[in-house]
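This is what each chain is made of:
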Amino acid sequence: MAENIKRITVALAGNPNSGKTTIFNSLTGMRQHVGNYPGVTVEKKQGFCRYQDYELDIVDLPGTYSLTAYSTEEVVTRNFIIEQKLDVVVDVVDASNIERNLYLAVQLMELNVPMVLAFNMSDIARQRGLVFDIEKLSILLGVKIVQTVGNKHQGIEELLDAIAQTSQQPMKDYAAAIKYGGEIENEIEKLQQKFDELRHSRWTVIKLLEQDADVSKHIQNQEIITAVQNSIKHLNTIFAEEPEIIIADRRYGFISGACQEAVKNTIESRHNRSDMIDTVMTHKILGLPIFIALMYIVFDLTFRFGKWPMHWLEMFFGWLGQTVTGFWPVGSESVLKSLLVDGIIGGVGGVVVFLPNIMLLFAAIAILEDSGYMARAAFVTDRLMHKIGLHGKSFIPMLIGFGCTVPAIMACRILENRRNRITTILVLPLFSCGARLTIYALFIPAFFAVQWRGAVMLLIYFIGITLAVIAAKILRITLLKGETIPFVMELPPYRMPTLKAILIHMWERGWLYLKKAGTVILAISVILWIAGNWPKPAAEKLAGLNSEQERQVSLESSLVGRTGKAREPAFKPLGFDSRVVTALIGAAVAKEVFVAQMGITYSISKHENVSVLRERLSQDYTPLQGFCVMLFCLISAPCLATLAVTRIETGKIGWAIFQWTGLTALAYAVTFVVYQVGMILSG
Amino acid sequence: MKIQEQILLKDMANGTKVRFLKVDAGRGLKARLAAMGLLAGVELKVINNGHPGPLVIDLKGSRMVLGRGMAGKIIVKP
C-alpha cells in the first residue's frame, strides 16, 4: 500500500483577492505551516493533503497580479516556479473578474509548467450572470479548468482530480499558447536559437524583450545582450512603442479574444452592491470619520476582550512561578531557582500574557482585510499620507503598529517602493505598541486623577503620531529623497469574511508570536537575568535584610544596576534617577520589562499588588517626571525584536542602528525640552 | 497635439466613460500600467473622483485606485 503513494509538489498561484487562501485552506485544512522563502522576507505557506494514492505537498505562493520584476512577491513567485521541480501549478482565478485574472494565467503558461486553472467563486460569477463555456475555454487556453467555490468547499474533489491527472500526463508545451504576432514572434524565435534547449527559453526571451531588470541581470553572454538590444530597437521602430507595452497589449488581446468566444456576460457589473457600500465608506467627508470610528472599535474590542484571557495567563504564570519556587525549601537561595522563576518564567510569561491581545488584533485585521475594507482605508487616508510623502498603503502597517511593531514592520512588504517602505519602517516604533501600554497603565494612575487619565493616554499616543509624521516628512526630503511612487491599488468587492479563514490567520500569528517568545525573548530573558544578578554584592551588605531588600541591593550591584547608576548624570536633565535609568536599560530589550524592573528597584515582590508600586512612585516622583518617563519610553530605543525585524526587512543592519540611535536621540531631545520647560513653568 | 487639447483623467467627473490614450510618464510606470491593462484604446469609467485625493476607476470590471498625481499624467479621450 505505502509504496504506491505518489508524492507530488503543487504550487497555488493567483491574484490577491482571488480566494486563493480559501482554496489552500480547503485543500490542507490545518495541516499547514508558515515560513519564509530563502533570502527574502516573503511569507511561504506550505501544507499537505492526501488524495487517493497521492500525497500532495502544496505551496501557497504570494498573491500577485502579474510576473514582472516590480515587486519582490512577483520575483519570488516566478523564481520559485522556475527553480522548483513542480508537478503542477494551480492558478486560482476569480471567475467573476476573469479578464484581469487571466493575465497572470497567461504569464504562468509562458513559464511552461503543467497547469490547472481553478475558476474560483464560480457561484458569485453565476449570480452576476457570467456563463462560461468551460470546454471551449479550456481548449483555447490549452489547460484544464475546474470550477470551485473555495469557501463552501465546492469543486475541491474535482480540482484534486485534475491536479492528479495533470501530474501524470506527459509534459506538453504550454508556453506556445499565446502568439505575439509575426514581428515579435520572429524576434523571439531568433533569440531563442541562442539558448540551448531550455524549458524556459521562450519565457526568458520574452522577459528580455520586456526589458525585465531581474532576468537581464542574469544574462552575461555579450552576444545575447547585443542581439536582445537589436531586437528591442527593431521592435521599437516598428511599433513606435516599447516592446513590453506591445507584449502586454497582445496578452490582453489574447485573453479578451478567448473570453469573447467562451464567456457570456448577461449582467453589467459585479460591483453594484460594493459601489453602494462605497458611497458611504469612501465618502468625501464621512470616509475619514468612519475609518477612525472603526479603528477605535478595533482597539477597544482588542483590549476589552483581551483583558480576561490575559488575566488567566497572568494567574497561570504566577501559579507556575510559585509551584517551581515550591520545589526548593522555603528561604533557600538557588541560582537555578532564580533562573527559572525570575529569568525564564518571569521574562517569557511577561511576553506571553500579551498573546490574547495579539491574536484578537490580528483577528480584527483579518476581518478588515478579508472583507475588503483595508483597501478602502488606504484610499481614505491617502490624501493625508500624501502630505508626508507616503501613500495610503503605509497606513496599514501603522495601524498594526499600535498592536505590535514587529508584525507592523513585516506588513510593510505591501509597499512596493523601497524608499516608502524604509521610511515607514523607521518611524513605525513611534506608533505606541501594546507593550508600552503596560508602562502607561502603571504610571498614569499613579500620577493623574481619574478624570485626566484618558486624556493623558491620548496625548501620549498623539505625540507619537505627530513625531512619526514629522520624522517621515524629514526623512522623505533628506535621506530617502525621491519622487513618491504612483499609487495604484485594486479595490476588491466587499465580501463576507469566513470564520475559518479568520481563525487560521489568528492561529498563525499567535503561533509566530509564541515562537518568538520561545526563542528570542527566552534568550534575552536569560541574558538580562544574568546582567541583573551579577556581579553579586558582598555578603556583609546583605546581612539583616529581608528578601525584597536583598533583591534591591543585588540589582544595584549587578551589571544592569551599575550601568544605570553610571548613566544617571546623563539623564538628570530629563528628571530621571538611577532607578528609572536601570529600568530603562531593561526596557531597551523589551518594553514590557520596564515595569518588572521598576518593581525590583522598589523591592516590591511580584506577588504584591501593583497599587503598592504606584503609591511608592507617586511619593518619589512628580507628575512631570512621571510624564517624562512615559514620553521617553514612547520614543526611545525600539525593542530588540523590532531592531532584528528592521534589519531583516531593510536588508541592512545600518538602518536598524540608525533607527535605534535616531529615535533615542529624539527621545532625549524631546524629553529634555518637556522636562526643562515643565520645571520652569511649575516654578 | 497642443497641451490645451489634452484631456486628463483627473478632470473627469464621476460616471464618465473615457478611453485611455496614453500616459505621460517614464518607461517603468508605463509598463506597470500596461500590465494592469491600462493600454491604448481601453475603456474605463470614473467611479469616484473625490478630489483632492486618489480616484477610483473601473477597468475591465476591476476597481482601481489611482493616485491623483498619476491621474494627472493620464491622457484620455471622452
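Residues numbered from 1 in each chain as written. Chains lettered and ligands numbered in written order. Predicted model: local features only at pLDDT ≥ 70, side-chain atom pairs only at ≥ 80, totals over all residues.

(A) The arrangement of the overall build of chain B in detail. Within chain B one finds two helices and six strands. Listed N to C, the secondary structure of chain B is β-β-α-β-β-β-α-β in terms of helices and strands. Taken over the C-alpha trace, chain B has a radius of gyration of 11 Å; the compact-globule value for 78 residues is 12 Å, and the two agree within 12%. The dimensions of chain B, computed from C-alpha atoms along their principal axes, are 30 × 25 × 20 Å. Out of the 78 residues belonging to chain B, those deemed buried represent 49%. At a minimum sequence separation of 6, the contacts of chain B that also span at least 24 residues come to 52%. (Helix = DSSP H or I, 4+ residues; strand = E, 2+ residues; numbered from the N terminus. Rg over C-alpha atoms; globule rule 2.2 N^0.38 Å. Buried ≥ 20, exposed ≤ 12 C-beta atoms within 10 Å, placed from the backbone. Contact = placed C-beta atoms within 7 Å.)

(B) View of the overall build of chain A. Counting its secondary structure elements, chain A contains 31 helices and ten strands. C-alpha atoms of chain A, sized along the principal axes, occupy 95 × 65 × 55 Å. Within chain A, the fraction of its 683 residues that count as buried is 47%. Here the analysis covers contacts within chain A between residues at least 6 apart in sequence; of these, 72% occur between residues at least 24 apart.

(C) Region of the structure containing helix α6 (residues 156–168) of chain A. Residues and elements named next belong to chain A. The terminal C-alpha atoms of α6 lie 19 Å apart, and with 13 residues this matches the ideal 18 Å at 1.5 Å per residue to within 8%. Leu159, Leu160, Ala162, Ile163 and Ala164 are the residues of α6 that are buried. Along its buried surface, α6 packs onto β1 (6–14), β3 (43–51), β4 (54–60), β5 (88–94), β6 (115–120) and β8 (144–147). (Expected span 1.5 Å × (residues − 1).)

(D) Representation of the sheet that holds strand β1 (residues 7–8) of chain B. Taken together, seven strands build an open sheet; the order of strands is β10(A)-β5(B)-β4(B)-β3(B)-β2(B)-β6(B)-β1(B) and the sheet is antiparallel. Because the sheet does not close on itself, it has two edges, and the strands there are β10 (488–491) of chain A together with β1 of chain B. Sheet topology places strand β2 (residues 17–23) of chain B next to strand β6 (residues 74–77) of chain B; four bridges connect them, and they run antiparallel. Across the sheet, Phe20 of chain B pairs through a bridge with Val76 of chain B, a residue of β6 of chain B. (Pairing = 2+ DSSP bridges.)

(E) Region of the structure containing the confidence of the model for chain B. Averaged over all residues, the pLDDT of chain B is 85; the fraction at 70 or higher stands at 94%. Interface confidence for the predicted complex, given as ipTM, is 0.89, next to a pTM of 0.76. (pLDDT = per-residue confidence, 0-100.)

(F) View of the interface of chain A and chain B. Listed by partner, the interface residues are 30 residues for chain A and 27 residues for chain B. Contributing elements (two or more residues each) for the side of chain A that touches chain B: α3 (98–110), α11 (243–262), α12 (272–281), α16 (373–387) and β10 of chain A. In terms of residue count, the dominant contributor to the side of chain A that touches chain B is α11 of chain A (five residues). Within the side of chain A that touches chain B, the residues separate by chemical class into twelve nonpolar, six polar and twelve charged. Where β10 of chain A lies against strand β5 (residues 62–66) of chain B, four bridges are found, and the strand directions are antiparallel. (Nonpolar A, V, L, I, M, F, W, Y, C, P; charged D, E, K, R; others polar.)

(G) Region of interest: helix α20 (residues 434–447) of chain A. All names here are of chain A. When the terminal C-alpha atoms of α20 are compared, their 20 Å separation across 14 residues agrees well with the 20 Å that a helix rising 1.5 Å per residue should span. Approximately 25° is the largest bend angle found in α20, and it occurs at Tyr440. Within α20, ten of the 14 residues are buried, leaving the element largely enclosed by the surrounding structure. Every buried residue of α20 is listed here: Gly434, Ala435, Arg436, Leu437, Ile439, Leu442, Phe443, Ile444, Ala446 and Phe447. (Bend = angle between axes of the 7 residues up to and from the residue.)

(H) Looking closely at unusual backbone geometry. All names here are of chain A. The backbone of Gln52 shows a phi angle near 45°, a positive value even though the residue is not glycine. If you trace the backbone, Gln52 turns up in the loop between β3 and β4. A positive phi angle, near 60°, is found at His153, a position not held by glycine. With respect to the secondary-structure elements, His153 resides in the loop between β8 and α6.

(I) The environment of Cys633 of chain A, seen in detail. Residue and element names in this part refer to chain A. In this structure, Cys633 sits in helix α29 (residues 623–635). On the basis of neighbour counts, which here come to 25 C-beta atoms within 10 Å, the residue Cys633 falls in the buried class. It is 8.9 Å that separates the C-alpha atoms of Cys633 and Phe594, two residues lying 39 residues apart in sequence. Apart from residues lying up to four places away in sequence, Cys633 is in contact with Arg436, Ile439, Ala587, Lys591 and Phe594.

(J) Broad picture of the nonpolar core. Grouped together as the largest cluster of nonpolar side chains are 203 residues, with contacts concentrated most on Ala11, Leu12, Val89, Met115, Val116, Ala118 and Ile163 of chain A. With residues up to four places along the chain from it excluded, the contact list for Ala118 of chain A reads Ile23, Val90, Val92, Val93, Val146, Thr148 and Leu159 of chain A. (Core = buried A, V, L, I, M, F, W, Y, C linked by C-beta atoms within 7 Å.)

(K) Representation of the environment of Val593 of chain A within the structure. By the secondary structure assignment, Val593 of chain A is in helix α27 (residues 593–601). When the C-alpha positions of Val593 of chain A and Gly346 of chain A are compared, they lie 9.4 Å apart, and in sequence the two are 247 residues distant.

(L) Region of the structure containing the packing of helix α5 (residues 134–141) of chain A against α11 of chain A. All names here are of chain A. In contact at an axis separation of 9 Å, α5 and α11 are set at 155° when each is read in the N-to-C sense. If you check the angle between α5 and α11, you find them roughly antiparallel. For the element pair α5 and α11, the recorded crossing hand is right-handed. Contact residues: Lys136, Leu137, Leu140 and Leu141 in α5; Ala258, Glu261 and Ala262 in α11. In terms of residue class, the contact of α5 with α11 is made up of five nonpolar, no polar and two charged. (Axes fitted to C-alpha atoms, helices over the stretch in contact; angles between N-to-C directions. Parallel < 35°, antiparallel > 145°, perpendicular 65-115°, else oblique. Left-handed = near helix turned anticlockwise from the far one by under 90°.)

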